[in-house]
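Notes for the structure review
Residues per chain are reported as follows:
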Amino acid sequence: MTTKLSDFVKAYDVRGVVPDQLNIDVAHALGAAFAEVVALADGASAVVIGHDMRPSSPELVDALARGITARGVDAVLIGLSSTDGLYYASGALGLPGAMFTASHNPAKYNGIKFCRSGARPVGQDTGLADIRDLAQQHLDGGVSAFDGVRPGTITERDVLADYAGFLRGLVDLSGSRPLRVTVDAGNGMGGLTVPAVLGTGSGLPELPLTIDPMYFELDGTFPNHEANPLDPKNIVDLQDRVRSHGADIGIAFDGDADRCFVVDEQGNPVSPSAITAMIARREIAREVAAGRSAAGVAIIHNAITSAAVPEIIAEDGATPVRTRVGHSYVKSVMSEHDAVFGGEHSAHYYFRDFWFADTGMLAAMHVLAALGESDAPLSEVMAPFERYVASGEINSTVADAAAVTEVVRERFVTDGTTVDELDGLTVTHEGSDAEPMWWFNLRPSNTEPLLRLNVEAADEATMARVRDDVLTTIREA
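Note that this is a predicted model, so its numbers are computed, not measured.

The next subject is the packing of helix 1 (residues 24–40) against helix 4 (residues 128–141). Taken N-terminus to C-terminus, the directions of helix 1 and helix 4 make an angle of 130°; their axes are 8 Å apart at the nearest point. Classified by the interaxial angle, the pair formed by helix 1 and helix 4 is oblique. Seen from above, helix 1 lies across helix 4 with right-handed handedness. From helix 1, Asp25, Val26, Ala29, Leu30, Ala32, Ala33, Phe34, Glu36, Val37 and Val38 reach across to helix 4, where they touch Asp130, Ile131, Leu134, Ala135, His138 and Leu139. In the contact of helix 1 with helix 4, the residues fall into 12 nonpolar, 1 polar and 3 charged.

This is the structure:
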C-alpha cells in the first residue's frame, strides 16, 4: 500500500514514524519534490542538509540528497546539526535547506523541517502542500531518473565553528561576571552546540562561564528523559542539579536545540513569556543605542504570550505586534514588520539578525548576558517580567471543536469583556474594582481533535476560577 503523505506532512514540517511513514522511499520522493518546488523555482543551485542524532537520520539524509540530485540540484551535507545550525547555514550560504529532526518526539519518530534560502519558512501555505502533493505523485508513480544536462553532486561542509562565531558576534559574553551554568542537553543536539558556542570546542576564546553538563552524549534513543523541557517532568533533573551544585542558572534544550528553557538559581522555572519580555527590552535598548527611535522598533509576540509582553514593549516605547501561534506565522510577520525580535510562549525565540529564524542558543546567550551584567541572582533579574499568573496549556479532547468554542463564546463574551479571533477565541477582561484582570485563549489543534486552553490572570485565585469555569464549560458542552 502506498504511503499517504497527508497523514504526517503537517502544517509546518514533516514528522512521522520510521519506517512505517517516513522511510528512504518517502525521503527520496520528498527530496525530488523539494528540489522542484523550492530550489529550482527559486533559482538555487544547491540545498543544504543537516540532521540530529536520531539513528534513522543518516540513511534518510542520503535518500533526500539522492532525490535532490536527481533533479540536477547539488546537495551540501553539514552533518550533525541543531535546527538553528541548519538555519545558520541556509542564511550564511544563501541556500534552501532541510533539517532532519523530530524535535522532542520519541525515538521512533523522525521528520524534516524545510526552509528557503535565508532560512525563510516553508509551511503549508508557502510550499509544503505543493511539496507533499508532488512527492505523493512521485511515490505513486516512481521518481523518474534525471534527464537534464547533469545530475547534482553531493558534498560535505562543516559549519559548526562558523555558526558559533556568528552567535558570539551577536551577544558578547566576554565581560560577564563568572557564572556557573548547568545545562541539560537531554542527549540532544545541545550536546554538540553548547561546547562549541559557550565553551572552547570550536576554537573560540574561553568565556567566564563554568559549564556543568548534563546528558551531553548524543543519543537519539533518549535514555535519560524525553528531550521536551516544556513538560515539567523533564526538567526535574536540571532543577535538582542547579540546587545541589549551587548553579547561577540552569538551561535545558529540546532535542534539536532550537528551543531553550531556563530555571533560576532556586531551581524554579522562568516563564518563556518573561524571557520574551526581557530579550525584547534588551533588543529595544540596543536599537536605541544605535541611534534608532524606539517608536520604529517592532517586536512580535503570539496570541498566548503573557499580557506582560506587549505591556513591557509599549512601556519601552516600541511597537508590540501580535500574531498567530506557530513559527511560519511569526517569521512571516517579523519579515513584514522588519521586527528586531519575536517570542512565543513555547520557548521559540526569533531574531532579525538571525534571518528572522528561531534559535534557542541565541536566546540562552541573552539570558546569560542579562544575568552576567547584574550582581543580582536570576530570580531577581527576571522578577520584573513575571507580572501575572498563567495556567499553562491545557488540552481537552472534543468531538466538534467549532461547536464547543461557540458554547464557550456564549458563556464568557459579555459587555465586560473584549473578544478577538486572530488565533482561536481570545476573551479578555481588562480588570476593574470588582474583578481582577484575566484573559483566556481557546484554539483548536491543527492535527488532533483537541481544544487548547491558556488562561492568565492578575492573581492565582482569579486564574484558577476562570480556568476551571472554562474547562467545565468545555467538558459539559
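The end-to-end C-alpha distance of helix 8 (residues 272–289) is 25 Å, a good match for the 26 Å that 18 residues give at a rise of 1.5 Å each. All of the buried residues along helix 8 are Pro272, Ser273, Ala274, Ile275, Thr276, Ala277, Met278, Ile279, Ala280, Glu283, Ile284 and Glu287. The N-capping residue of helix 8, defined by a side-chain oxygen 3.0 Å from the backbone nitrogen of Ser273, is Ser271. At the exit of helix 8 stands Gly291, carrying a positive phi of roughly 95°.

A separate point is the pairing of strand 23 (residues 450–457). For a regular strand, side chains alternate in direction, first toward one face of the sheet and then toward the other. The element strand 23 is extensively covered by neighbouring structure, given that 8 of its 8 residues are classed as buried. Side chains Leu450, Arg452, Asn454 and Glu456 project from strand 23 onto one buried face, and the interleaved Leu451, Leu453, Val455 and Ala457 project onto a second face that is buried too. In this structure, strand 18 (residues 389–390) lies alongside strand 23, joined through 2 bridges in antiparallel fashion. Across the sheet, Val389 pairs through a bridge with Ala457, a residue of strand 23. Here strand 19 (residues 394–397) runs beside strand 23; their pairing, made up of 4 bridges, is antiparallel. Across the sheet, residue Thr397 finds its bridge partner in strand 23, namely Leu450.

Basis of the calculations
- Residues numbered from 1 in each chain as written.
- Predicted model: local features only at pLDDT ≥ 70, side-chain atom pairs only at ≥ 80, totals over all residues.
- Heavy atoms only, no water.
- Axes fitted to C-alpha atoms, helices over the stretch in contact; angles between N-to-C directions.
- Helix = DSSP H or I, 4+ residues; strand = E, 2+ residues; numbered from the N terminus.
- Parallel < 35°, antiparallel > 145°, perpendicular 65-115°, else oblique.
- Left-handed = near helix turned anticlockwise from the far one by under 90°.
- Contact = heavy atoms within 4.5 Å.
- Nonpolar A, V, L, I, M, F, W, Y, C, P; charged D, E, K, R; others polar.
- Expected span 1.5 Å × (residues − 1).
- Buried < 20%, exposed > 50% of the residue type's maximum accessible area, 1.4 Å probe, protein only.
- Polar contact = N/O pair within 3.5 Å; in protein donor to acceptor, adjacent residues only side chain to side chain.
- Pairing = 2+ DSSP bridges.

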